[in-house]
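Reading the structure
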Amino acid sequence: MYEDSEAIGGTDMEWDWPGTDDWQPPKELDTGVPHTARMYDYYLGGKDHFEADRMAAQAAITAYPALPLLARTNRQFLGRAVEFVASRGVRQFVDIGTGIPAVGSTNEVAQRVAPDARVVYVDNDPIVATHARALLGSHPAGHTSVIEADLRDPAAILAHPGLAGAIDLGQPVALMLVAVLHFIRDEDGAQQIVRTLRDALAPGSALILSHGSPDFASRESAAEGTRIYRGASAPLVLRPRAGVEPFFGDFEFVGPGLVQLPLWRPTAGHVPTAALPEGWQDVSAYAGVAFKN
């Protein structure tokens, strides 16, 4: 396991989203079906969601009250992980399933550490792409782009001209799968999807991953959350630790390894759990960062 003498501090965030008030949803967008990205936006306190998203998200919160805290701590993990990987010299980031951009997005954090960092966002939702492109106008540093593609077709992502034009797969890349794999079923080839993406990466590349789990929630909450997402744009597939760790393959974890989400390098150095947000024990997700040798 990689160890570093200096841990990377947390990222302080004010939950204030960029505005795109003149945006109109595409005609082909079905706003009557709850979408996972827009539900996540609701958990974070954003404003880019529709009535169906709000109703489904509120039902999920009723079943699992820690959901808003989970969303916030996941967002903070993203910031800490990107900062850490950029500090290790990685200058290319591919963020798949990015969701609706918020403050502290991958390009903002990476380009704060390294202004020349190159970031490609990948998502299959037109509302995500629209908001991401609007956000990019306020962050001219480095190179940041958005491509519309589906994680369930990793070969198409790797062959996309928008990726090839921005990312050199012969050099280290940070592959980001943050809070997205729990929307891919085993029967849809979740492990093979990640293996295909990992195999395309050069030595020195990193995998940044977080994943919902039933390990820290009651059986009733996990079951109800899974039921609610059956009516959304993607199912919810909660996996135990033994089901999450194989996504990293033979990549080598950095400390502290694959851990409960709020415990991944929460501050500079190790802190007592009493210093973590109230209710952190109920955050039912794992997170980890690993490098390819």
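Let me begin by describing the structure that accompanies this report. Please read all numbers here as calculations on a predicted model, not as lab measurements. (Residues numbered from 1 in each chain as written. Predicted model: local features only at pLDDT ≥ 70, side-chain atom pairs only at ≥ 80, totals over all residues. Heavy atoms only, no water.)

1. Some words on unusual backbone geometry
The omega torsion of the bond from Gly255 to Pro256 falls at 10°, within 30 degrees of zero and hence cis. Here Pro256 lies in the loop between β6 (252–253) and β7 (259–260). Within the chain, Ala179 stands out as a residue other than glycine whose phi angle is a positive 55°. Among the secondary structure elements, Ala179 is positioned in the loop between β4 (174–178) and α8 (190–199). For Arg265, which is not glycine, the phi torsion reads 45° and is therefore positive. Among the secondary structure elements, Arg265 is positioned in the loop between β7 and β8 (285–291). (Helix = DSSP H or I, 4+ residues; strand = E, 2+ residues; numbered from the N terminus.)

2. Some thoughts on the pairing of β4
Along any regular strand the residues' side chains alternate between the sheet's two faces. Most of β4 sits inside the fold, with 5 of its 5 residues counted as buried. Here β4 shows a buried face lined by Ala174, Met176 and Val178 and a second buried face lined by Leu175 and Leu177. Where strand β1 (residues 92–96) lies against β4, 3 bridges are found, and the strand directions are parallel. The partner of Phe93 across the bridge, within β4, is Ala174. The parallel pair β4 and strand β5 (residues 206–212), bridged by α8, forms a crossover whose chirality is right-handed. (Buried < 20%, exposed > 50% of the residue type's maximum accessible area, 1.4 Å probe, protein only. Pairing = 2+ DSSP bridges. Right-handed = clockwise from strand over helix to strand, strands pointing away.)

3. Quick word on the pattern of salt bridges
Scanning the entire structure with this criterion turns up 8 salt bridges. Note that Asp188 is salt-bridged to Arg185, the shortest N-O span being 2.9 Å. Between Asp186 and Arg239 there is a salt bridge, with its nearest N and O atoms 2.8 Å apart. Here Asp186, found in the loop between β4 and α8, pairs with Arg239, found in the loop between α9 (219–229) and α10 (241–244); they are 53 residues apart in sequence, far enough to count as distant. Classification of Arg239 as buried rests on a relative accessible area of 4%. (Salt bridge = Lys/Arg side-chain N within 4 Å of Asp/Glu carboxyl O.)

Read these as geometric descriptors, not functional statements.
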